[in-house]
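An overview of the molecular structure
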Amino acid sequence: MSQLLIRGGRRLEGEVTIQGAKNSVLPILAATLLAEDQVVLEDCPRLRDVDASVRILRSLGCRAEWQGEDLLVNTAALDRWAISDVLMREMRSSAIFLGAILARCGQADISYPGGCELGPRPIDLHLAGLRDLGAEIREEGGVLRCAASRLTGREVVLGLPSVGATENLMLAACGAEGTTVIANAAREPEIVDLQNFLNACGARVSGAGSSSVTVEGKRRLHGCAYRCMPDRIVTATYLCALASAGGEIRLKGGVEGHLSTLTALLREAGCEITSDRAGITCVCRDRLQAVRPVRTAPYPGFPTDAQALLMAALLRSRGATVFEENMFENRYRHVDELTRMGASVRVSGRVAVVTGVETLQGAPVRCTDLRGGAALCVAALAAEGESRISAVHHIDRGYEDIARDLRALGAEVTRTETEH
Ligand code: EPZ
């Protein structure tokens with residue numbers, strides 16, 4: 001088991017380059033199933049969830065190899081269409097393979113995906129959309145058996161703008177006859193990145209970033225070399241780390257336009273943020289001020305993935321801030337751990353109220369999920385003394401090496417491996 005030891009109380013100073021986006025590269029890895037020859041994912045982030053995708057690709061008969069920082073994928077030899085229950089449970093994004101396998105093979109067997117425990121995470125919208133395109137899906141002993149001798153493009157209206165369902169349908173629609181229009185599509189930057197990747201392979205996809213995505217199906221897709229977008233939630237993590245500890249940092253490659261709801265709140269709290277095409281600079285000199293209510297919403301609203309991070313940054317602010325989590329039912333599991341450091345947070349249903357305290361104390365705490373775990377690091381940077389953060393495997397799902405990055409930003413962080 002790995003642990004992070006963080007000695008808090010140091011102001012940050014330094015710069016890091018933001019890694020590629022987990023939530024882009026995972027659907028893109030599923031999309032490689034649609035390309036006839038090799039795809040090179042340049043500077044691909046090395047994450048636990050990327051490893052899980054690689055294992056899925058290999059289990060289907062595909063080749064996926066690292067060459068330095070690049071991940072080379074060739075799916076020409078694919079000869080299976082079933083993903084085992086063990087692999088499906090490793091992450092939520094395994095569900096996105098369904099649309100791609102169906103488009104490629106006309107059938108797919110999968111079970112329900114795993115992933116961070118944030119409350120119920122159904123895939124009903126994915127399945128309804130695939131049925132609209134002509135797939136027959138039945139459940140047999142926990143296995144979803146999907147068949148589509150032919151997928152047909154048409155308008156598919158999503159009940160809510162689900163990121164995963166939009167991506168799944170974009171991939172399935174590439175294999176459908178005619179044109180598919182996904183209405184009420186998610187508008188996240190990662191959807192735009194998936195569109196850009198597909199188009200680089202020869203697909204004709206348009207509209208991503210708006211609520212209506214159009215896919216012209218049945219085009220032959222070839223391989224390409226592609227570099228996915230910088231990770232906006234990793235960027236958010238280090239901005240919140242700076243807000244928590246104070247100092248001045250530069251995030252190379254960070255894109256402020258992907259995070260304007262967060263940066264607006266950080267400015268309101270007292271941070272100075274400037275950005276240009278090469279990255280973001282953030283300065284924080286004084287104790288933060290509480291900010292107006294933070295309500296999570298689909299993009300371009302405030303990202304649920306940054307809720308725990310901003311909360312951790314505001315634990316020592318002056319005044320009280322209200323959070324309202326509207327995306328997932330169970331996304332305050334980090335709060336009990338933050339309380340061990342002396343934080344004052346009251347949770348009632350989907351609302352949490354953070355009242356700033358003068359000081360936080362380092363404590364032994366445990367990651368409950370990916371972003372909740374990163375939030376513990378953010379809080380620990382501002383706490384007096386040492387925090388010992390366990391269950392770091394949650395953080396490894398989405399951060400290449402959070403200890404390395406925080407050290408580059410001037411923090412005192414070490415990673416240790418223990419027996420239990
Ligand atoms: C993506 O998850 C991200 N994961 C999540 O990031 C992120 O929290 C989430 O979008 C919201 O922004 C990846 O991109 C790999 P959704 P996804 O489908 O696609 C409900 C992180 O920390 N819903 O947009 O699973 C669902 O329950 C992770 O990096 C249905 O009801 O999110 C939720 O309440 C965690 N039925 C809401 O929609 C469905 O069929 C949004 O989910 C699908 C979703």
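Quantities reported herein were computed from a predicted structural model and do not represent experimental measurements.

Broken down by element type, the protein chain carries 14 helices and 23 strands. Relative to the 2.2 N^0.38 estimate, which gives 22 Å for 420 residues, the radius of gyration of the protein chain is 21 Å and therefore close to what a compact globule would have. Seen through its C-alpha atoms, the protein chain measures out along the principal axes to roughly 65 × 45 × 40 Å. Taken over 420 residues, the protein chain has a buried fraction of 57%. In the protein chain, the proportion of contacts linking residues at least 24 apart, taken out of those at least 6 apart, comes to 73%.

What follows concerns helix H6 (residues 163–174). Look at H6: 17 Å from first C-alpha to last across 12 residues, which is about the 16 Å you get at 1.5 Å a residue. Gly-164, Ala-165, Thr-166, Glu-167, Asn-168, Leu-169, Met-170, Leu-171, Ala-172, Ala-173 and Cys-174 are the residues of H6 that are buried. Among the residues of H6, the N-terminal cap falls to Ser-162, whose side-chain oxygen and the backbone nitrogen of Gly-164 are separated by 3.5 Å.

Counting buried positions along strand E6 (residues 107–111) gives four out of five residues, so the element sits mostly inside the fold. Relative to strand E8 (residues 143–147), E6 runs antiparallel, the two being bridged by five bridges. Bridge pairing links Asp-109 to Arg-145 in E8.

Take the sheet that holds strand E11 (residues 204–206) next. Taken together, four strands build an open sheet; the order of strands is E9-E10-E12-E11 and the sheet is mixed. The open sheet has two free edges, formed respectively by strand E9 (155–157) and E11, since each of these has just one partner strand. Pairwise comparison of adjacent strand axes, ignoring direction, gives a mean angle of 15° for this sheet. Across three bridges, E11 lies against strand E12 (residues 212–216) in antiparallel orientation. Bridge pairing in E12 links Val-205 to Val-215.

Close contact between helix H1 (residues 22–31) and helix H2 (residues 48–59) brings their axes to 10 Å; oriented N to C, the two are set at 0°. Judged by the inter-axis angle, H1 sits roughly parallel to H2. Contact residues: H1 offers Lys-22, Val-25, Leu-26 and Leu-29, while H2 offers Asp-49, Val-50, Ser-53 and Leu-57. Of the residues that constitute the contact of H1 with H2, the class distribution is five nonpolar, one polar and two charged.

On domain assignment, one finds that the protein chain holds domain 1 (2–19 + 230–417) and domain 2 (22–226). One C-alpha centre belongs to domain 1, the other to domain 2, and the line joining them spans 30 Å. Residue-level contacts link 22 residues of domain 1 with 23 residues of domain 2. When domain 1 packs against domain 2, the two sides together hide about 1900 Å² of surface, and 53% of this comes from carbon and sulfur. Summed over the three residues of domain 1 that lose the most area to domain 2, namely Tyr-299, Arg-397 and Glu-400, the buried surface amounts to 35% of that side.

This next bit is on helix H7 (residues 189–200). Its 12 residues give H7 an end-to-end C-alpha distance of 17 Å, which sits within 8% of 16 Å, the value for a rise of 1.5 Å per residue. Listed in full, the buried residues belonging to H7 are Pro-189, Glu-190, Ile-191, Asp-193, Leu-194, Gln-195, Phe-197 and Leu-198. Each element contacted by the buried residues of H7 is listed here: H1, strand E3 (39–41), H6, E11, strand E13 (225–226) and helix H8 (232–245). Two residues or fewer past H7, Gly-202 is found with a positive phi of approximately 105°.

The element strand E5 (residues 70–74) is largely enclosed, with a buried count of four among its five residues. Pairing of E3 with E5, which is carried by three bridges, proceeds in the antiparallel orientation. Across the sheet, residue Val-39 finds its bridge partner in E5, namely Val-73. As judged from the five bridges shared by strand E4 (residues 63–67) and E5, these two strands associate in the antiparallel manner. Opposite Trp-66, over in E5, you have Leu-71 as the bridge partner.

About the criteria used
- Residues numbered from 1 in each chain as written.
- Predicted model: local features only at pLDDT ≥ 70, side-chain atom pairs only at ≥ 80, totals over all residues.
- Heavy atoms only, no water.
- Helix = DSSP H or I, 4+ residues; strand = E, 2+ residues; numbered from the N terminus.
- Rg over C-alpha atoms; globule rule 2.2 N^0.38 Å.
- Buried < 20%, exposed > 50% of the residue type's maximum accessible area, 1.4 Å probe, protein only.
- Contact = heavy atoms within 4.5 Å.
- Expected span 1.5 Å × (residues − 1).
- Polar contact = N/O pair within 3.5 Å; in protein donor to acceptor, adjacent residues only side chain to side chain.
- Pairing = 2+ DSSP bridges.
- Axes fitted to C-alpha atoms, helices over the stretch in contact; angles between N-to-C directions.
- Parallel < 35°, antiparallel > 145°, perpendicular 65-115°, else oblique.
- Nonpolar A, V, L, I, M, F, W, Y, C, P; charged D, E, K, R; others polar.
- Domains from an automatic or database assignment.
- Buried area = accessible area lost by both parts, 1.4 Å probe.

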